[in-house]
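Here is how the chains run, residue by residue.
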Amino acid sequence: MSSISDAELLAAADAVAAHAYAPYSNFQVGCAVLTREGHIIEGVNVENASYPLGVCAEPSAFARAIAEGYRPGDFVAVAITASPCGGCRQMAREMGVDRVIFRNGGRVVTMTPDELLPESFDSTNLS
Ligand code: THU
C-alpha cells in the first residue's frame, strides 16, 4: 500500500520536467509513475531533430519501469504535467494504472484510463 498522495506524485512530475530534452517544441513534460509498493519512477519527453523520433514523457517513464522489472498491473497511478496525448492514453491503459492525474490548463484532472479512452483497443480484441 502506498502513502504517496496524488499531489505528491504530480509534484514529482513537475520537478522532473526540468530534465526534459525538448529543444524543438520548448514544451517540457514530466511524468511520474507510482508502483503498488510506493516507488516512484520518472520520465521526461526526449525530442530529436528527426521529429518523429521524439518520445513522450509517459513511454519514457513506463519503459524505465518495465526495464526495472515492473509489469502491467504493478502501477497505481501516473501523473503528467500535461494532458496525455492519444497514444499515451493507450499506454496508460496497457499498463493497467488505476488513475491518471494530469494538468490541463490551470486545472488538475484525475481520470481512469477507461474515461480517457473509452471502448479502447486491448489484447482481448486481437483474436
Ligand atoms: N508530449 C508528451 O511528452 N506527452 C504527452 O502526452 C503530450 C506531448 C510531448 C511530446 C513533445 O516532445 C512535446 O510534448 C510537444 O508536443
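Computed from a predicted structure; not experimentally measured.

(A) Just the overall build of the chain, in detail. In terms of helices and strands, the chain carries 4 helices and 5 strands. Scanning the chain from its N terminus toward the C terminus, one meets helices and strands in the order α-β-β-α-β-α-β-β-α. In terms of C-alpha radius of gyration, the chain reaches 14 Å, essentially the compact-globule figure of 14 Å for 127 residues. By residue count, 39% of the 127 residues in the chain fall in the buried class. Partitioning the intrachain contacts of the chain with sequence separation of at least 6 by distance along the chain shows that 50% fall at a separation of at least 24. By element, 55% of the accessible surface of the chain is carried by carbon and sulfur atoms, the whole surface being about 6900 Å². Computed over 8 positive and 15 negative side-chain charges, the inter-centroid distance for the chain is 2 Å.

(B) Expanded view of the sheet that holds strand β4 (residues 99-104). Pairing is mixed in the open sheet, where 5 strands are placed in the order β2-β1-β3-β4-β5. Of all the strands in the sheet, just β2 (40-44) and β5 (107-111) have a single pairing partner and so form its edges. Averaged over all pairs of adjacent strands, the angle between their axes in this sheet comes to 15 degrees, without regard to strand direction. Across 5 bridges, the pairing between β4 and β5 is antiparallel. Bridging from a neighbouring strand, R103 pairs with V108 of β5. Packing against the sheet, helix α2 (residues 57-67) makes contact with β1 (30-35), β2 and β3 (75-80), and its axis sits at approximately 140 degrees to β2.

(C) Representation of the pattern of salt bridges in the model. Applying the stated criterion to the full structure yields 4 salt bridges. For R36, the salt bridge is made with D98, and the minimal N-O distance between the two is 3.1 Å. Of this pair, R36 sits in the loop between β1 and β2 while D98 sits in the loop between α3 (86-95) and β4; the two residues are 62 residues apart in sequence, bridging distant segments of the chain. Look at D98 and you get partly exposed, because its relative accessible area is 39%. Here R93 makes a salt bridge to D122, at a shortest N to O gap of 2.4 Å. Of this pair, R93 sits in helix α3 while D122 sits in the segment after α4 (113-116), and the two are 29 residues apart along the sequence. A relative accessible area of 15% means that D122 is categorised as buried.

(D) Examining helix α1 (residues 6-16) more closely. Every buried residue of α1 is accounted for by L9, L10, A12, A13 and V16. An end-on view of α1 places all buried positions within 150 degrees of arc, on one side of the element. Turned more than 90 degrees off the buried face of α1, the exposed positions are A7 and A15. Buried residues in α1 make contact with β1, β2, β3, β4 and β5.

Rules of the game
Residues numbered from 1 in each chain as written. Predicted model: local features only at pLDDT ≥ 70, side-chain atom pairs only at ≥ 80, totals over all residues. Heavy atoms only, no water. Helix = DSSP H or I, 4+ residues; strand = E, 2+ residues; numbered from the N terminus. Rg over C-alpha atoms; globule rule 2.2 N^0.38 Å. Buried < 20%, exposed > 50% of the residue type's maximum accessible area, 1.4 Å probe, protein only. Contact = heavy atoms within 4.5 Å. Areas by Shrake-Rupley, 256 points an atom, 1.4 Å probe, with all protein chains shown as cover. Lys, Arg positive; Asp, Glu negative; His and termini not counted. Charge placed at Lys NZ, Arg CZ, Asp CG, Glu CD. Pairing = 2+ DSSP bridges. Axes fitted to C-alpha atoms, helices over the stretch in contact; angles between N-to-C directions. Salt bridge = Lys/Arg side-chain N within 4 Å of Asp/Glu carboxyl O. Arc of directions from axis to C-beta.

The values are spatial; any link to function lies outside them.
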